[in-house]
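# Summary of structural features
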Amino acid sequence: MTTRPWKHPKTASYYLRRGVPLDLRALVGKREKVSLGTKDPVEAKRLHAIALLELEQRWAALRVGPRRLSEREAHELAAPFYDHWIGVYRDEPN
């Protein structure tokens, strides 16, 4: 199914809108709607392609299901959150 950016009639912002495949509806819901963060139609087309690829990758990962992470992968995922938390609460831990 080919999709294109959808322009909101009131805000003129562009979105990716896509119906969720039947096999994923119990996990995701009936429809995906992702803001492309632009009102420029040319930029919307570019961002739409990126968002659509990311959405398809997320759906593929949902179909595969959960997997165990290696210790390294877990650290790589947690590090940005830890760094942010330390940056915010270093001087005021409470």
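Structure first, text after, so check above.
Quantities reported herein were computed from a predicted structural model and do not represent experimental measurements.

Calculation criteria
Residues numbered from 1 in each chain as written. Predicted model: local features only at pLDDT ≥ 70, side-chain atom pairs only at ≥ 80, totals over all residues. Heavy atoms only, no water. Core = buried A, V, L, I, M, F, W, Y, C linked by side-chain atoms within 4.5 Å. Buried < 20%, exposed > 50% of the residue type's maximum accessible area, 1.4 Å probe, protein only. Helix = DSSP H or I, 4+ residues; strand = E, 2+ residues; numbered from the N terminus. Contact = heavy atoms within 4.5 Å. Expected span 1.5 Å × (residues − 1). Pairing = 2+ DSSP bridges. Axes fitted to C-alpha atoms, helices over the stretch in contact; angles between N-to-C directions.

### What about the nonpolar core?
Of all hydrophobic cores here, the largest spans ten residues; its members are Tyr14, Leu16, Val20, Leu24, Leu36, Ala44, Ala51, Leu52, Leu55 and Trp59. Breaking this core down by element, the ones donating at least two residues are β2 (14-19) and α2 (41-64). Among the elements that make up this core, the one with the highest residue count is α2 (five residues). With near-sequence residues (within four places) excluded, Ala51 lies in contact with Leu16 and Leu36.

### Considering α2
Helix length check: α2 (24 residues) gives 34 Å between terminal C-alpha atoms against 34 Å at 1.5 Å per residue, within 8%. Listing the buried residues of α2 in full gives Ala44, His48, Ala51, Leu52, Leu55 and Trp59. Next to the buried residues of α2 lie β2, α1 (25-28) and β3 (31-35). Gly65 sits one or two residues past α2 and shows a positive phi near 95°.

### Here we look at the environment of Thr11
Looking at where Thr11 falls in the secondary structure, it is placed in the loop between β1 (6-7) and β2. Between the C-alpha atom of Thr11 and that of Lys39, which follows or precedes it by 28 residues, the distance is 8.5 Å.

### What to know about the sheet that holds β1
Across the sheet, which stays open at both edges, the three strands sit in the order β1-β2-β3 with antiparallel pairing between neighbours. The outermost strands of the open sheet, each flanked by one partner alone, are β1 and β3. Here β2 pairs with β3 via five bridges, running antiparallel. The residue of β3 that forms the bridge with Arg17 is Lys33. Packed on one face of the sheet, α2 meets β2 and β3 and runs near 35° to β2.

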